[in-house]
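# Residue-level structure breakdown
One-letter residues, chain by chain:
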Amino acid sequence: MPDHVLEIRGLRAGVGGKEILKGIDLTVASGEVHVIMGPNGSGKSTLSHVIMGRPGYEVLGGSVTLDGADVLAMAPYERAHAGLFLAMQYPTEVPGVPLVDMLEAAFAAADRDVAGMRERISVEAGRIGFDDRFLSRPLNVDLSGGEKKRNETLQLGVLQPAIAILDEIDSGLDVDALRACARRIEAATEETGLGVLAITHYNRLLHELRADHVHVLARGAIQRSGGPDLALELETTGYAAFGVDEPARADAAGRADGGPLADPFADPLA
Ligand SMILES: Nc1ncnc2c1ncn2[C@@H]1O[C@H](COP(=O)(O)OP(=O)(O)OP(=O)(O)O)[C@@H](O)[C@H]1O
Ligand SMILES: [Mg+2]
């Protein structure tokens, strides 16, 4: 079994001139499933983008390492090459690039044997009940929300990364697809030792994908960590105990320094 570890230490980061992450500490090792839950706008997707190196996000402090290597010093493609994978909350459509070409290019870049890629893809499609007819389309183009999430899961299955960050992989999936995708990811933790950092709003993802640790991200930091029971508890209690996220509150009042994010319909006297 591989032995990889993603270590996030004191990570501070901002976007659009606003500090969103104010000191994140997390360690995800091979075979482990960590779940991040938290209010809308608390910075969950920001964390995923900062780990993967999306342009526009500014790292203000702290470190991210994969097996000791400085992830923040790498270009996004180098992060993928090192073994990181991100399933985005809103997967990007890439006109003109078929899935098979993209996966072959990823394999070739990593000096992996590209032979039998179509076969690999169709095995993975079968595992999550994804219809073959979607596979010839350009990457994510004209796929429904749920089909895009299945397409991300399929890529995860083919690429076999060391650590996968899954940003709301469950959103938009119907109940059958959710079960199939969650099962596939759970299987990867056992078959290839995949380490998972799964962002979700709902405990239902965790029926098949078994969480080892659940963390609450609010106000820019991990406010609480626990076991799978914490996800269940949050479904009834919500996040009131963790306070409101500053960006959300500022936006609602319509006087955020975030400029275009300020709510134009907010009461100006609030
Ligand atoms: N490009 C940007 N410019 C300015 N602010 C941004 C930008 N991108 C994100 N933000 C703000 O950063 C904050 C965190 O956003 P993020 O997408 O990380 O939240 P989230 O926790 O993933 O929320 P959700 O549960 O709704 O997906 C929000 O207040 C958001 O409006
Ligand atoms: Mg998000």
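Details of the structure are given in the entry above.
Figured I'd write up the structure that's included with this text. Bear in mind that the values here come from a model prediction, so they are computed numbers and not experimental data.

For the protein chain, the helix and strand inventory stands at eight helices and twelve strands. For 270 residues, the compact-globule formula gives about 18 Å, and the C-alpha radius of gyration of the protein chain, at 19 Å, lands near that figure. Here the C-alpha coordinates of the protein chain stretch approximately 60 × 40 × 35 Å along the principal axes. With 270 residues in all, the protein chain has 36% of them scored as buried. Restricting to contacts in the protein chain with at least 6 residues of sequence separation, those with at least 24 account for 68%.

Let us look at the sheet that holds strand E1 (residues 5-15). Ordered by their spatial adjacency, four strands build an open sheet running E2-E1-E4-E5, and the pairing between neighbours is antiparallel. On the outer flanks of this sheet lie strand E2 (18-29) and strand E5 (69-70), each paired with one strand and no other. Looking at chain direction, strand E4 (residues 57-66) and E5 are connected through two bridges and run antiparallel. The residue of E5 that forms the bridge with Leu66 is Ala69.

Once that is clear, we can look at the pairing of E2. Summarising the sheet, E1 and E2 pair through nine bridges and their orientation is antiparallel. Counterpart to Glu7 in the pairing with E2 is Thr27. Hairpin connection of E1 to E2: two residues between the antiparallel strands, including Gly16 at a positive phi of 60°.

Along an α-helix, a turn takes 3.6 residues, which lines up residues three or four apart on a common side. Between its first and last C-alpha atoms helix H6 (residues 175-191) spans 24 Å; for 17 residues at 1.5 Å apiece the expected length is 24 Å, and the two agree. Residues of H6 that are buried include every one of Leu178, Cys181, Ala182, Arg184, Ile185 and Ala188, and no others. Seen from one end, H6 has its buried residues packed into an arc of 155°, which puts them on one side. For H6, the exposed residues lying more than 90 degrees away from the buried face are Val175, Asp176, Glu190 and Glu191. Packing partners of the buried residues in H6 comprise helix H4 (117-127), helix H5 (145-159) and strand E10 (195-199). Downstream of H6 by one or two residues, Gly193 has phi in the positive range, about 70°.

Here we take up the packing of H5 against H6. For the pair H5 and H6, the least separation of the axes is 10 Å and the interaxial angle reads 20°. By the angle between their axes, H5 is roughly parallel relative to H6. As for the relative orientation of H5 and H6, their crossing is left-handed in sense. Contacts from Gly146, Lys149, Arg150, Thr153, Leu156 and Gly157 in H5 reach Ala177, Cys181, Arg184, Ile185 and Ala188 in H6. Along the lines of polarity and charge, the residues of the contact of H5 with H6 split into five nonpolar, three polar and three charged.

Side chains of nonpolar character tend, in soluble globular proteins, to be buried together. Counting 61 residues, the largest nonpolar core has Val35, Ile51, Ile163, Ala164, Leu166, Val196 and Ala198 as its most contacted members. Setting aside anything within four residues of it in sequence, one finds Val35 in contact with Ala198, Thr200, Leu206, Ala211, Val214, His215 and Ala231.

Spatial ordering of the open sheet is given by E6-E9-E10-E3-E11-E12, a layout of six strands whose pairing is mixed. A strand with exactly one partner marks an edge of an open sheet, and here the two such strands are strand E6 (84-87) and strand E12 (221-226). Each strand of the sheet is rotated relative to its neighbour by a mean of 20°, with strand direction disregarded. Sheet analysis places strand E3 (residues 33-37) next to strand E11 (residues 213-218), joined by four bridges and oriented parallel. Bridge pairing in E11 links His34 to His213. Sitting on the sheet, helix H7 (residues 228-237) touches E3, E11 and E12, and the angle it makes with E11 is about 45°.

A separate point is the packing of H4 against H5. Following both chains from N to C, one finds H4 and H5 inclined at 130°, their axes separated by 9 Å at the closest point. Here H5 runs oblique to H4, going by the angle between their axes. Once H4 is placed against H5, the crossing between them reads as right-handed. Residues Arg120, Ile121, Glu124, Ala125 and Arg127 of H4 form the contact with H5, whose participating residues are Leu154, Gly157 and Val158.

Quick look at the pairing of E11 now. The element E11 is largely enclosed, with a buried count of five among its six residues. Bridge analysis of E11 against E12 gives five bridges, and the strand direction is antiparallel. Following the sheet pairing, Val214 is matched in E12 by Gly226. Connecting E11 to the next strand, E12, in antiparallel fashion are two residues, including Arg219 with a positive phi near 50°.

Rules used in this analysis
- Residues numbered from 1 in each chain as written.
- Chains lettered and ligands numbered in written order.
- Predicted model: local features only at pLDDT ≥ 70, side-chain atom pairs only at ≥ 80, totals over all residues.
- Helix = DSSP H or I, 4+ residues; strand = E, 2+ residues; numbered from the N terminus.
- Rg over C-alpha atoms; globule rule 2.2 N^0.38 Å.
- Buried ≥ 20, exposed ≤ 12 C-beta atoms within 10 Å, placed from the backbone.
- Contact = placed C-beta atoms within 7 Å.
- Pairing = 2+ DSSP bridges.
- Expected span 1.5 Å × (residues − 1).
- Arc of directions from axis to C-beta.
- Axes fitted to C-alpha atoms, helices over the stretch in contact; angles between N-to-C directions.
- Parallel < 35°, antiparallel > 145°, perpendicular 65-115°, else oblique.
- Left-handed = near helix turned anticlockwise from the far one by under 90°.
- Nonpolar A, V, L, I, M, F, W, Y, C, P; charged D, E, K, R; others polar.
- Core = buried A, V, L, I, M, F, W, Y, C linked by C-beta atoms within 7 Å.

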